[in-house]
There are 2 protein chains.
Amino acid sequence: MTTSAPSSSLDFALDRTSPVPLYYQLAQQLESAIEHGALAPGSLLGNEIELAGRLGLSRPTVRQAIQSLVDKGLLVRRRGVGTQVVHSQVKRPLELSSLYDDLEAAGQSPATRVLRNEVQPASAEVAAALGIAEGSDVIVLERLRLTHGQPMAFLCNFLPAGLLQLDTAKLEATGLYRMMRSAGITLHSARQSIGARCATVDEAERLEETEGAALLTMQRTAYDSTGRIVEYGTHIYRASRYAFEFQLLVRS
Amino acid sequence: MTTSAPSSSLDFALDRTSPVPLYYQLAQQLESAIEHGALAPGSLLGNEIELAGRLGLSRPTVRQAIQSLVDKGLLVRRRGVGTQVVHSQVKRPLELSSLYDDLEAAGQSPATRVLRNEVQPASAEVAAALGIAEGSDVIVLERLRLTHGQPMAFLCNFLPAGLLQLDTAKLEATGLYRMMRSAGITLHSARQSIGARCATVDEAERLEETEGAALLTMQRTAYDSTGRIVEYGTHIYRASRYAFEFQLLVRS
DNA sequence: GGATGCATATTGTCCGGACAAATCGCCTGA
DNA sequence: TCAGGCGATTTGTCCGGACAATATGCATCC
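What you see is a predicted model, and the numbers here were worked out from it, not measured in a lab.

### Some remarks on the pattern of salt bridges
Piece 1. Here the structure, examined in full by the defined rule, presents 22 salt bridges over all chains.
Piece 2. In this structure, Arg-116 of chain B and Glu-118 of chain B form a salt bridge, with 2.9 Å as the shortest nitrogen-oxygen distance.
Piece 3. Look at Arg-116 of chain B and you get partly exposed, because its relative accessible area is 26%.
Piece 4. Among the ionic pairs, Glu-203 of chain B bridges to Arg-197 of chain B, the shortest N-O distance being 2.3 Å.
Piece 5. A relative accessible area of 35% means that Arg-197 of chain B is categorised as partly exposed.
Piece 6. Beyond isolated ion pairs, a larger network of salt bridges with shared partners links Glu-48, Arg-59, Arg-63 and Arg-77 of chain A.

### What about the protein's contact with DNA strand C?
Piece 1. As a structural note, the neighbourhood of DNA strand C is formed by 25 residues, with Arg-63 of chain A together with Arg-16, Leu-22, Thr-61 and Arg-79 of chain B the closest of them.
Piece 2. Near the protein, meaning within 4 Å, the atoms of DNA strand C are sugar or phosphate in a fraction of 70%, with bases accounting for the rest.
Piece 3. At 2.9 Å from a base oxygen of DNA strand C is found a side-chain nitrogen or oxygen belonging to Arg-59 of chain A.
Piece 4. Contact distances for DNA strand C include 2.5 Å between a phosphate oxygen and a side-chain N or O atom of Thr-61 of chain B.
Piece 5. Contributing elements (two or more residues each) for the surface near DNA strand C: helix 3 (59–72), strand 1 (75–78) and strand 2 (82–85) of chain A together with helix 1 (22–36) and helix 3 (59–72) of chain B.
Piece 6. Broken down by element, the surface near DNA strand C gets its largest block of residues, 3 residues, from helix 3 of chain B.

### So, helix 1 of chain B
Piece 1. Between the first and last C-alpha of helix 1 of chain B there are 21 Å, a value that for 15 residues agrees with the 21 Å anticipated at 1.5 Å per step.
Piece 2. Where the residues of helix 1 of chain B are buried, they touch helix 2 (48–55), helix 3, strand 1 (75–78) and strand 2 (82–85) of chain B.

### Points about the domain arrangement of chain A
Piece 1. Considered domain by domain, chain A is made up of domain 1 (22–85) and domain 2 (99–238).
Piece 2. Placing the centre of domain 1 of chain A and that of domain 2 of chain A at their C-alpha centroids yields a distance of 39 Å.

### Points about the sheet that holds strand 9 (residues 244–249) of chain A
Piece 1. With antiparallel pairing, 7 strands are arranged side by side in an open sheet as 9(A)-6(B)-7(B)-8(B)-5(B)-4(B)-3(B). Looking at which strands have only one partner, the edges of the open sheet turn out to be strand 9 of chain A together with strand 3 (110–121) of chain B. Taken pair by pair, the neighbouring strands of this sheet meet at an average axis angle of 15 degrees, ignoring direction.
Piece 2. With 10 bridges connecting them, strand 4 (residues 137–147) of chain B and strand 5 (residues 150–160) of chain B associate as antiparallel partners. Bridging from a neighbouring strand, Thr-147 of chain B pairs with Gln-150 of chain B of strand 5 of chain B.

Rules behind the numbers
Residues numbered from 1 in each chain as written. Chains lettered and ligands numbered in written order. Predicted model: local features only at pLDDT ≥ 70, side-chain atom pairs only at ≥ 80, totals over all residues. Heavy atoms only, no water. Salt bridge = Lys/Arg side-chain N within 4 Å of Asp/Glu carboxyl O. Buried < 20%, exposed > 50% of the residue type's maximum accessible area, 1.4 Å probe, protein only. Near = heavy atom within 4 Å. Polar contact = N/O pair within 3.5 Å; in protein donor to acceptor, adjacent residues only side chain to side chain. Helix = DSSP H or I, 4+ residues; strand = E, 2+ residues; numbered from the N terminus. Expected span 1.5 Å × (residues − 1). Contact = heavy atoms within 4.5 Å. Domains from an automatic or database assignment. Pairing = 2+ DSSP bridges. Axes fitted to C-alpha atoms, helices over the stretch in contact; angles between N-to-C directions.

As structure tokens, this is what we get:
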């Protein structure tokens, strides 16, 4: 009773004249069918060879589409059995959140207040974190993130100078990561550490909390696609108003 | 100066009689060459077609090997340029840790004390989290994790009864996830939420902390490969002794 | 009735080739 | 000297096929 009958034939519309790859078109339509409920959880997808024939594609192309959804955690393949939709309560794996803080705050009327935005020589600690020489110019950024008009987090970031032009007004409007992407910096990976501690007097005042209140701390080092360090940050969140949520995928 | 000359020819030994796939053999040897330093960061890998010819493999096979390392974040491919080793300070991406708590505690003389291990009817909250009917039998597990002889975390877990036989002695020796894997349960994904709060009197006593000390809280729902919920847990960590560290990979 | 073995279905691996798209360097021309 | 175009290089996409490995269900045999 866990596996349903092989799914009925869904019609996927593929556009061979489009510049977007066929396997990607198929993957997107499969994903939307799953999210939409047209493909029920636990249902079999029908074998690849037949599916390929029906869509006028080759098996490798169909496999590439399916594989991308397997990597996303939406499908599971079992040899000798077939490919079935994962029977998950949580729709939309949400992927890796908490990298784009902005996204989580979406729908919560978020706002950012830039408290500091200047170039300074790097301290020993910052230089080590960024992998540059001590005393090199770095952009120092201090921001206060607000939701519903109340402080939620205090963000302190350091970037190698010359990497980017950071206009304060634009920063408050669009966010740091969006500006980096616009500048041609493609983020690749980030190393994070999440901890907690009690608020000091200064921190409490800045975040409108009481002294000793629980705070979430996060340190992050971000790398671009070539492995260069492009950002180092220390963030402090009010635990009463914020939590990190994310999904882990276990590689088989 | 960022890209070195095309890497010299490394000799990879492929065993066609082995049951382990060729692309996997190649991927492993490439990875070890990278970790080992034989392939310097930033160096080009040489084009796929030539590499395939030199190894006596087809291009799809070589591509499959390379792609797996790209997914791991060790390599970067650029059309018209080539494939190069990512120039990363952090060797070993560490992948997704914090799922196997045990692994992090490794080398810290970890120990586990099982405080509770019994079957009980599920409360409304637990039933909802596990996606089962209220009142169904669930295994209730309470454990204290110690390092260096001091408490580090208090772990409370719930599992659907009948899924697994949990021997207390073995649990203290090997850990929950290892026992689940031994029982044929293959973990697939998990949804986590990390927050913080101040310790209550009871919590402080249990963890040998002072009242009001900062605690890290973690809630997790784990799914097996078919999407079934196999575990729900609420964990509390002493912030003074623990932090979550992990690496995020941004999907392009 | 139960265990063993076989046929079938399905994905996993691998091959060889073809053309398109993007990037970079070089050459030409103004 | 600088701008633009051209070609070479390399990865991206896609095809068609072949055989192997694994899981399932059925028939047979004890």
